[in-house]
Amino acid sequence: MGDDGGMTQPTFNPYGAVDLSSLAPSSRPAASPTTGGAPAAGGAGTAVVVDVSEADFQSLVLDQSMTVPVVIDFWADWCGPCKQLSPVLERLAAADEGRWVLAKIDLDANPRLGQAFQVQGIPAVFAVVKGQPIPLFQGALPEPQVRQYLDELLRVAEANGVTGRVAPGEAPDPAPEPVADPRWDEAYDAIERGDLDAAGAAYRALLAEDPGDAEAQAGLGQVELLARTQDVDEGAARQRAADEPDDVAAQTAVADLDLLGGHVQEAFDRLVELVRRTSGDERAAARDHLVGLFELVGNQDERVARARTALANALF
């Protein structure tokens, strides 16, 4: 804590300033036990995983962050990568036994919260410590990387005197979780142990049964993105892309890195311009890679709609 009472700065890289002032009216209704939320501030205890809406954001996130770090998981039902990341976060929250709280926010149901946090794509993960937002990461990262972000968050929280724990045993009963489809277990288990080849094979098996399974398509796309980027030297890749602006392999590699890091617009812009500059087989390869990234982000995202228009203009 500095002399002015401000937050000690975290070492991870935020991707945008966040202003929560519009979300803190003078009073807010307390969370309902039937929604899986926690009691209002001052109650007997809380859960380590809670569903949060705009109505209870003040009590479950801002107020609670004064004593324990709160990690926010922005998700949506249509988001395939969200279904990969959320179980990882929930498992880590349970393993840390109350050292931090996981607040799950449905972006479609709470768009004003997404606007306040300047969410550019999902899954998107933030933290709040002493009422101050800290952007963590975007995308369905492997569990070891998620663990690193959480460990760094706990160090930042401790440096700012936020070292409390919640008491999971005193929480109201959470809402029942939806029953998982056992066909997905093989893919999820493979992702959790870091075996991307096996995860990809499991998703392909699901698609062989149902080629129109949008969630399996999204899962396979995310796994393939992780596989393409896991052994890439980012500095070297970016230097090569700068040196060889018309090389399809160099540009698509950096676009993958941008997308994985949450820089969606930069990834799209890079490949649209590559399509504009190239022709023949190279143009087709650049276009196909860009369309694959569109599918990863999802057609519901307005950036995809804009980029599709830009791609059409570049092609014709």
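Bear in mind the structure is a predicted one, so any value in this text is a computation, not a measurement. (Residues numbered from 1 in each chain as written. Predicted model: local features only at pLDDT ≥ 70, side-chain atom pairs only at ≥ 80, totals over all residues. Heavy atoms only, no water.)

A.B. asks: Requested: an account of the packing of aromatic side chains, with residues and values cited.
C.D. replies: Tallied over the full model, the rule gives six aromatic pairs. Consider the rings of Phe57 and Phe117, whose centres lie 6.1 Å apart with planes at 75 degrees: the pair is edge-to-face. With Phe57 in helix α1 (residues 57-63) and Phe117 in the loop between α3 (111-116) and β4 (124-129), this residue pair connects regions lying 60 residues apart in the sequence. Owing to a relative accessible area of 1%, Phe117 belongs among the buried residues under this scheme. Ring centres of Phe137 and Tyr149 lie 5.0 Å apart, and the angle between their planes is 40 degrees; on these two criteria the pair is classed as tilted. Of the two residues, Phe137 is situated in strand β5 (residues 132-138) and Tyr149 in helix α4 (residues 143-159); the sequence distance between them amounts to 12 residues. An aromatic cluster of three or more residues is present, and its members are Phe57, Phe74, Phe117 and Phe126. (Phe/Tyr/Trp six-rings, centres within 6.5 Å; stacked < 30°, edge-to-face > 60°. Helix = DSSP H or I, 4+ residues; strand = E, 2+ residues; numbered from the N terminus. Buried < 20%, exposed > 50% of the residue type's maximum accessible area, 1.4 Å probe, protein only.)

A.B. asks: Residue-level account of the packing of helix α7 (residues 214-229) against helix α9 (residues 248-260), with values.
C.D. replies: For the pair α7 and α9, interaxial distance at closest approach is 10 Å and the crossing angle is 120 degrees. In this view, α7 runs oblique relative to α9, as classed from their interaxial angle. By crossing handedness, the relation of α7 to α9 is classed as left-handed. Facing Gln222, Leu225, Leu226, Arg228 and Thr229 of α7, the residues of α9 in contact are Asp256, Leu257, Leu259 and Leu260. (Axes fitted to C-alpha atoms, helices over the stretch in contact; angles between N-to-C directions. Parallel < 35°, antiparallel > 145°, perpendicular 65-115°, else oblique. Left-handed = near helix turned anticlockwise from the far one by under 90°. Contact = heavy atoms within 4.5 Å.)

A.B. asks: Explain the side chain of Gln251 residue by residue, including any values.
C.D. replies: Among the secondary structure elements, Gln251 is positioned in helix α9. Assessed through its relative accessible area of 3%, Gln251 is described here as buried. From its side chain, Gln251 meets the backbone oxygen of Pro245 in a polar contact 3.5 Å long. With sequence-adjacent residues up to four places away left out, Gln251 is seen in contact with Ala241, Glu244, Pro245, Arg270, Leu271 and Leu274. (Polar contact = N/O pair within 3.5 Å; in protein donor to acceptor, adjacent residues only side chain to side chain.)

A.B. asks: Can you tell me about the state of the cysteines, naming the residues and giving the values?
C.D. replies: Applying the stated rule across the entire model yields one disulfide. Across a sulfur-sulfur distance of 2.4 Å, Cys79 and Cys82 are joined as a disulfide pair. Disulfide Cys79 to Cys82: torsion about the S-S bond roughly 85 degrees, handedness right-handed. For Cys82, a relative accessible area of 2% translates into the label buried. (Disulfide = S-S within 2.5 Å.)

From the geometry alone we can't say anything about function, so treat these as descriptive.
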